Amino acid sequence: MTGTQPFSIHALELGPMENFIYLIHDHATDRAAIVDPAWDVPEILALAAKRGVRITDILLTHSHHDHINGIEEVLQRHDAQLHLLKAEAGFWGSYLDLPTLHHGGDVIELGETPVRVLHTPGHTPGSACYHIGDNLITGDTLFVFGCGRCDLAGGDPEQMYTTLRDMAERLPGDTVIHPGHNYAEKPVSTLDEQVDGNPFMHFDTPERFVQYRMHYHDRHRHSPYGPVCRGHEMNDA
Ligand SMILES: [Fe+2]
């Protein structure tokens, strides 16, 4: 994204659910990781070819179909190592060829670019975010002005509440958020902007968060999401 960083992050919006698929390019080695390969693998591989990179790794934010349905097609063409959290592998239960299973805090070395794995449960038990420099690839944990649903199998809104609070407390405010879907008025944001305008980051008790996530939000708010003023989360606009 900037010329001074040892890596760049490229986004493709693919498929009927506005998924973002990311390519992380390590400039020193021209190695690349695909995050959540899905929907249109030829398009993803064309981007990699255009950048002149070798796809060596596949990183999963979680195991939902819309984030993984291109894995096999990538693996047919590239000898890439698959990475996900151990907690997600147990939840997924799918047959996988020798994936590397991680725990939160692990670092994946993509050439000279360290990718730190965060365990961010809530949407699924083993959801992961990937921290690269001042960027965070958030999957379905944090969207721009939204967050992933918690009512599907393996979802847990109380865990999501804790995950989002930890994220706000532990990561720098200028961290750039790269979500798993294009559900907002713009594709990227900063953590500061989300703490201010993302209604899911406004709650001080898990009870109110759970009420909003599970019973209020989807009936009252529709994408593209925009900012919500603090204290106005449950005002019908
Ligand atoms: Fe998902």
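Residues numbered from 1 in each chain as written. Predicted model: local features only at pLDDT ≥ 70, side-chain atom pairs only at ≥ 80, totals over all residues. Heavy atoms only, no water.

Undergrad: A description of the overall build of the chain should follow, citing residues and the corresponding values.
TA: Scanning the chain for helices and strands turns up seven helices and 14 strands. Relative to the compact-globule value of 18 Å for 237 residues, the chain shows a C-alpha radius of gyration of 17 Å, a close match. Going through the 237 residues of the chain one by one, you find that 51% of them count as buried. Of the contacts formed within the chain by residues at least 6 apart in sequence, a portion of 58% connects residues at least 24 apart. Carbon and sulfur atoms make up 50% of the accessible area of the chain, which totals about 10,700 Å². One way to put it: in the chain the 16 positive side-chain charges average out to a point 2 Å from where the 34 negative ones average out. (Helix = DSSP H or I, 4+ residues; strand = E, 2+ residues; numbered from the N terminus. Rg over C-alpha atoms; globule rule 2.2 N^0.38 Å. Buried < 20%, exposed > 50% of the residue type's maximum accessible area, 1.4 Å probe, protein only. Contact = heavy atoms within 4.5 Å. Areas by Shrake-Rupley, 256 points an atom, 1.4 Å probe, with all protein chains shown as cover. Lys, Arg positive; Asp, Glu negative; His and termini not counted. Charge placed at Lys NZ, Arg CZ, Asp CG, Glu CD.)

Undergrad: Go over the nonpolar core with me, naming the residues and quoting the values.
TA: Residues Leu23, Ile34, Ile44, Ile55, Ile58, Leu60 and Val74 are the most contacted members of the largest nonpolar core, which totals 22 residues. Sorting the residues of this core by element identifies strand S1 (7-14), strand S2 (19-26), strand S3 (31-35), helix H1 (41-51), strand S4 (54-59), helix H3 (71-77) and strand S5 (81-85) as the ones contributing at least two each. By residue number, the principal contributor to this core is H1, which donates five residues. Judged by nonpolar contacts, the second largest core, of 19 residues, contains Cys150, Tyr161, Ile177 and Phe209. (Core = buried A, V, L, I, M, F, W, Y, C linked by side-chain atoms within 4.5 Å.)

Undergrad: Tell me what's going on with the side chain of Arg221, and back it up with residues and numbers.
TA: Within the secondary structure, Arg221 is located in the segment after helix H7 (206-220). In this structure Arg221 is buried but unpaired, with Asp218 as the nearest side chain of opposite charge at 7.7 Å. Separated by 2.7 Å, the side chain of Arg221 and the backbone oxygen of Phe145 make a polar contact. A polar contact of 2.8 Å, which involves the side chain of Arg221, links it to the side chain of His217. Every residue in contact with Arg221, bar those within four places of it in the chain, is listed here: Phe145, Pro199, Phe200, Tyr212, Gly226 and Val228. (Salt bridge = Lys/Arg side-chain N within 4 Å of Asp/Glu carboxyl O. Polar contact = N/O pair within 3.5 Å; in protein donor to acceptor, adjacent residues only side chain to side chain.)

Undergrad: Describe the sheet that holds strand S13 (residues 176-179), naming the residues involved and giving the relevant values.
TA: Pairing is mixed in the open sheet, where six strands are placed in the order S7-S8-S9-S10-S13-S14. Every interior strand has two partners, whereas the edge strands, strand S7 (107-110) and strand S14 (189-190), have only one. Taken together, the two bridges between S13 and S14 define a ladder with antiparallel strand orientation. Each bridged residue has a counterpart across the sheet, and for Ile177 the counterpart in S14 is Ser189. (Pairing = 2+ DSSP bridges.)

Undergrad: Talk me through the pairing of strand S8 (residues 113-119); I want residue IDs and the actual numbers.
TA: In terms of strand pairing, S7 meets S8 through four bridges, oriented antiparallel. Looking across to S8, one finds that Val107 is bridged to Arg116. Connecting the antiparallel pair S7 and S8 is a turn made up of two residues, with Gly111 showing a positive phi of about 60°. As paired elements, S8 and strand S9 (residues 128-132) share four bridges and run antiparallel to each other. Across the sheet, residue Val117 finds its bridge partner in S9, namely Tyr130.

Undergrad: Quick one: what's the story with helix H5 (residues 157-170), residue by residue and with numbers?
TA: With 14 residues, H5 extends 20 Å from end C-alpha to end C-alpha; this agrees with the ideal 20 Å at 1.5 Å per step. Buried within H5 are the following residues: Pro157, Met160, Tyr161, Thr163, Leu164 and Met167. Along H5, the residues classed as buried sweep out an arc of 165° about the axis, all on the same side. For H5, the exposed residues lying more than 90 degrees away from the buried face are Glu169 and Arg170. Tucked inside the fold, the buried residues of H5 contact S9, strand S10 (135-139), strand S11 (142-143), strand S12 (146-147), helix H6 (191-197) and H7. Measuring from the backbone nitrogen of Glu158 back to the side-chain oxygen at the start of H5 gives 2.9 Å, which picks out Asp156 as the cap. (Expected span 1.5 Å × (residues − 1). Arc of directions from axis to C-beta.)

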